[in-house]
Amino acid sequence: MDVLLVLTILTVIFALAFDFINGFHDTANAIATSVSTKALKPRHAIILAAVMNFVGAMTFTGVAKTITSDIANPNDIVNGSVVILAALIAGIAWNLLTWYYGIPSSSSHAIIGSLAGAVIASSGFAILNVDGFLKILQALIISPILAFVVGFILYNIIKLIFREKNLPKTNKNFRRVQILTAALQSFTHGTNDAQKAMGIITMALITAGLHTTSDIPFWVQVACATAMGLGTSIGGWKIIKTVGGKIMKIRPVNGVAADLTGAFIIFGATYIHLPVSTTHVISSSIMGVGAAHRRKGVNWGTAKRMIITWFITLPITACLGGLIYYILNIFF
């Protein structure tokens, strides 16, 4: 069998594995608040998240096109199939490591950092599409800050509107609303996160000469949506515990505000075709809501650990992607 074809098949397999792992790694993002407030039983929450992730992944492709073409031109990358395979292996390794330790790190940071590192190792810095890469980087940086601010403002508005209401009754009503907001957040997660693997596979097909444009083949969209949905159905309980309880004590009203904030920011990014870290957007939403509710109620130690992970993921995965490229290049 032709070596290039073998590499392409391996790339598709690893990309779907990345999407599958991304599903159970990031399940917590969509359902942690609803599970922690008992708005949904864990099994029901996971089924809801899996279905809505699939639907979201099948609805849009703009982010996938950005991944395919904005980091580097697939046609210009030297040994492109090995580059993409190295990036996927590095991204998967980092996701599994952070999942094992229950750290809600970013799958988006991991794959983008790994891809950039492998591309640079193969073809040098000149190969990077600087404008496109900086646009992606800006989205990754600005989105969690925006989520914190919007979460803070939205919760203050909700507090103002319901200040005269009976708290137990209000929480009961918001617990029902949380089912809808969890579904919405799962949908938006699918519209953004699943598309990264779609973009990677399309990029691999172009470098192998099997595809000519950044348009996402339908079979790629279905395969990635299915892998994300199946991964979500497994659930990442370690990260659910961190996001759902270790940042702050979440009540239904807090959960609704955080879910709406996260969904708004993620879908806004999807609408303008930019990949963002759903992990950091939703975690920042919870922190913003927590700060508005009671600043001392936020576990800033957990928040600090998450922020450190946010900063180190890109450079670590870039180095890892480059290292794995050099190793694979010996064999291919």
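The paragraphs below set out a description of the structure included in this document. (Residues numbered from 1 in each chain as written. Predicted model: local features only at pLDDT ≥ 70, side-chain atom pairs only at ≥ 80, totals over all residues. Heavy atoms only, no water.)

A few points about the overall build of the protein chain
The helix and strand tally for the protein chain stands at 13 helices and zero strands. Secondary structure elements of the protein chain, listed N to C terminal, follow the sequence α-α-α-α-α-α-α-α-α-α-α-α-α. Taken against the 2.2 N^0.38 rule, which gives 20 Å for 332 residues, the C-alpha radius of gyration of the protein chain at 20 Å falls within 12% of a compact globule. A principal-axis box enclosing the C-alpha atoms of the protein chain has dimensions of 70 × 35 × 35 Å. Restricting to contacts in the protein chain with at least 6 residues of sequence separation, those with at least 24 account for 87%. Accessible surface computed for the protein chain: about 13700 Å², of which carbon and sulfur atoms make up 70%. Computed over 23 positive and 10 negative side-chain charges, the inter-centroid distance for the protein chain is 25 Å. (Helix = DSSP H or I, 4+ residues; strand = E, 2+ residues; numbered from the N terminus. Rg over C-alpha atoms; globule rule 2.2 N^0.38 Å. Contact = heavy atoms within 4.5 Å. Areas by Shrake-Rupley, 256 points an atom, 1.4 Å probe, with all protein chains shown as cover. Lys, Arg positive; Asp, Glu negative; His and termini not counted. Charge placed at Lys NZ, Arg CZ, Asp CG, Glu CD.)

Section: the packing of helix α6 (residues 130-161) against helix α11 (residues 252-271)
Packing of α6 against α11 leaves a shortest axis separation of 9 Å and a crossing angle of 140 degrees. For the element pair α6 / α11, the angle class is oblique. In this structure, the crossing between α6 and α11 has a hand that is right-handed. Contacts between α6 and α11 pair Ser143, Leu146, Ala147, Val150, Gly151, Leu154, Tyr155 and Ile158 from the former with Val253, Asn254, Ala257, Leu260, Thr261 and Ile265 from the latter. Looking at the contact of α6 with α11, its residues break down into ten nonpolar, four polar and no charged. (Axes fitted to C-alpha atoms, helices over the stretch in contact; angles between N-to-C directions. Parallel < 35°, antiparallel > 145°, perpendicular 65-115°, else oblique. Left-handed = near helix turned anticlockwise from the far one by under 90°. Nonpolar A, V, L, I, M, F, W, Y, C, P; charged D, E, K, R; others polar.)

Concerning unusual backbone geometry
In this model, asparagine 79 sits at a positive phi of 55 degrees, which is unusual for a non-glycine residue. Here asparagine 79 is to be found in the loop between α3 (62-69) and α4 (80-100). Asparagine 79 gets classed as partly exposed once you look at its relative accessible area, which sits at 28%. The phi angle at histidine 273 is positive, at roughly 65 degrees, despite the residue not being glycine. Tracing the backbone shows histidine 273 in the loop between α11 and α12 (278-293). Looking at histidine 273, the relative accessible area reads 39%, which means it is partly exposed. (Buried < 20%, exposed > 50% of the residue type's maximum accessible area, 1.4 Å probe, protein only.)

Regarding the packing of aromatic side chains
Inspection of the entire model under this criterion finds four aromatic pairs. Between the aromatic rings of phenylalanine 60 and phenylalanine 267, the centroid separation amounts to 5.6 Å while the plane-to-plane angle is 75 degrees, which identifies the pairing as edge-to-face. Note that phenylalanine 60 is positioned in the loop between α2 (42-57) and α3 and phenylalanine 267 in helix α11, a separation of 207 residues in sequence. Under the relative-accessibility criterion, phenylalanine 60 is labelled partly exposed at 26%. Overall, phenylalanine 267 belongs to the partly exposed group, its relative accessible area being 30%. Taken together, a centroid distance of 4.6 Å and an interplanar angle of 90 degrees make the contact between tryptophan 310 and phenylalanine 311 edge-to-face. Look at phenylalanine 311 and you get exposed, because its relative accessible area is 54%. (Phe/Tyr/Trp six-rings, centres within 6.5 Å; stacked < 30°, edge-to-face > 60°.)

Observations concerning a positive patch on the surface
A surface patch of like charges, here positive, comprises Lys38, Arg175, Lys249, Arg251, Arg294, Arg295 and Lys296. Tracing the backbone shows lysine 38 in the loop between α1 (3-36) and α2. (Patch = residues over 30% accessible without salt bridge, like charges linked within 9 Å, V, L, I, M, F, W, Y side chains within 5 Å. Salt bridge = Lys/Arg side-chain N within 4 Å of Asp/Glu carboxyl O.)

Considerations on the nonpolar core
Ranked by size, the top nonpolar core spans 50 residues in total, and within it Ile112, Leu115, Val119, Met198 and Ile200 carry the most contacts. Among the elements that take part in this core, α4 stands out by supplying nine residues, more than any other. Methionine 198 has contacts with Ala57, Ala64, Ile216, Val220, Gln221 and Cys224, leaving out every residue within four places of it along the chain. Among the nonpolar cores identified, the runner-up in size contains 20 residues, and Phe174, Val253, Ile265 and Val281 belong to it. (Core = buried A, V, L, I, M, F, W, Y, C linked by side-chain atoms within 4.5 Å.)

Remarks on a nonpolar patch on the surface
Judged by side-chain polarity, Ile141, Ile142, Ile145, Leu146, Val149, Phe152, Ile153, Ile157, Ile161 and Phe162 come together as a nonpolar surface patch covering roughly 880 Å² of accessible area. Within the secondary structure layout, isoleucine 153 lies in helix α6.

Topic: the packing of α11 against α12
Running from N to C, α11 and α12 cross one another at 140 degrees; their axes reach a closest spacing of 8 Å. Relative to α12, the element α11 is oriented oblique. The two elements α11 and α12 meet at a crossing, and its hand is right-handed. In this structure, α11 contributes Asn254, Ala257, Ala258, Thr261, Gly262, Ile265 and Ile266 to the contact, and α12 contributes Thr278, Val281, Ile282, Ser285, Ile286, Val289 and His293.

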